[in-house]
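# Descriptive analysis of the structure
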Amino acid sequence: MSNTLYHTIVLTTEHASTGKMGGIGSYNAETGQLSSGTLFLLVDDSIEQSPAESVVLCKQYVAKYLPEYNETYQDFTRRNYVILEVIRHLINKYPSVSQVALHEYAGLGARVAEAAKTGSFPANVRVRIHCHGGHVQLERATGQWLGTYLDVLNDERSSIENSDEVWFAGHYLYELYRASGIRMQDNRLKFLGLPYQLSSV
């Protein structure tokens with residue numbers, strides 16, 4: 001990697017440069033174009049080679065820098081703990097990072113948000129979550145129970161409830177999450193229409 005001064009790490013399962021261009025993937029690619037200094041930690045084991053310098057493949061990063069976690073990473077129920085260790089490693093590697101951005105889908109950032117809330121990161125590092133629609137929203141949209149594991153639902157909820165900032169593109173998803181019992185403090189909420197005007201926040 002270069003000596004780029006990264007200020008934000010985005011934890012995600014999609015990036016358009018890999019060919020996955022639905023919602024979150026396209027959003028991430030546009031965010032990277034609008035804001036230099038963004039590093040993407042991509043949790044997608046089907047991708048073997050990073051498509052860009054600013055895209056770090058989680059599986060390969062673990063194998064190279066944290067091999068003691070290889071086996072744990074393969075266990076989906078414990079993967080979030082390894083992701084937390086990768087984020088910690090990246091923050092130490094790039095001390096200019098002051099923001100970790102998550103998406104609620106699949107709750108992959110739950111341990112990261114929980115760690116931040118307990119003060120486990122440097123004081124200048126804040127965690128924000130961009131709510132695009134998790135399993136609660138998918139079940140509402142399809143009108144059926146998807147059989148989602150409770151730990152995934154709990155992790156999605158925890159990642160929202162424990163982040164320093166919670167971003168929504170509009171009020172519909174916020175109201176749905178609030179009605180489903182997800183607790184969000186008003187002073188942590190931001191409602192920003194898409195595309196986000198990053199210079200305004």
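Structure report, in brief. The residue count restarts for each chain, going from 1 along the sequence in the order it is written. Local features are withheld for residues below a pLDDT of 70 in this predicted model, meaning they are given only at 70 or higher, and side-chain atom pairs are given and counted only at 80 or more; totals for whole chains, interfaces and linings count all residues. Excluded from the side-chain calculations are hydrogens and water; all other atoms, namely the structure's heavy atoms, are used.

Take the packing of aromatic side chains next. The rule is short: rings of Phe, Tyr and Trp, with Trp giving its six-membered ring, pair when the centres are within 6.5 Å, and they are stacked under 30 degrees, edge-to-face over 60, tilted in between. One pass over the full model with this rule turns up 6 aromatic pairs. Measuring from centroid to centroid gives 5.1 Å for Y6 and Y94, while their planes differ by 80°, and the two rings are edge-to-face. On the criterion of sequence distance, the pair formed by Y6 in the segment before β1 (8-12) and Y94 in the loop between α4 (79-93) and β4 (99-103) is long-range, its members being 88 residues apart. Note on exposure labels: buried denotes an accessible area under 20% of the residue type's maximum, exposed denotes more than 50%, and partly exposed covers the range between, all computed with a 1.4 Å probe on protein chains only. Relative accessible area serves as the criterion here: at 2%, Y6 is assigned to the buried category. Over the face of the ring belonging to Y73 we find R79, whose NZ or CZ atom lies 4.0 Å from the ring centre. The cationic tip of R128 hangs over the ring face of W167; the distance from NZ or CZ to the ring centre is 4.6 Å. Think of it this way: any DSSP run of H or I at least four residues long counts as a helix, any run of E at least two long counts as a strand, and we number them from the N terminus. Distance and angle both matter: a charge sits over a ring if NZ of Lys or CZ of Arg is within 6 Å of the ring centre and within 35 degrees of the ring normal.

Right, let's talk about the nonpolar core for a bit. In this text, buried Ala, Val, Leu, Ile, Met, Phe, Trp, Tyr and Cys residues form a nonpolar core when linked through side-chain atoms within 4.5 Å. In terms of nonpolar packing, the biggest core is built from 44 residues, with L41, V86, I87, V112, F121, F168 and M184 touching the most fellow members. In this structure, V86 is in contact with L41, C58, Y61, V62 and L66, ignoring residues within four places of it in sequence. By size, the runner-up hydrophobic cluster in this structure holds 7 residues, among which are L42, I47, L57 and A101. By definition in these notes, contact holds between two residues if any of their heavy atoms fall within 4.5 Å.

Right, let's get into helix α5 (residues 110-117). Within α5, 6 of the 8 residues are buried, leaving the element largely enclosed by the surrounding structure. Those residues of α5 lying buried are A110, R111, V112, A113, A115 and A116. Residues of α5 that are buried make contact with α4, β4, β5 (126-131) and α7 (150-161).

Here we come to α7. Note: α-helices contain 3.6 residues per turn, so residues at a spacing of three or four share the same orientation. Helices are assigned an expected span. That span is 1.5 Å times one less than the residue count. Taking 1.5 Å as the rise per residue, α7 with 12 residues should run 16 Å; its terminal C-alpha atoms sit 16 Å apart, in good agreement. Those residues of α7 that sit buried are V152, D155, E156, S158, S159, I160 and E161. Tucked inside the fold, the buried residues of α7 contact α4, α5, β5, α6 (135-142), β6 (165-168) and α8 (171-179).

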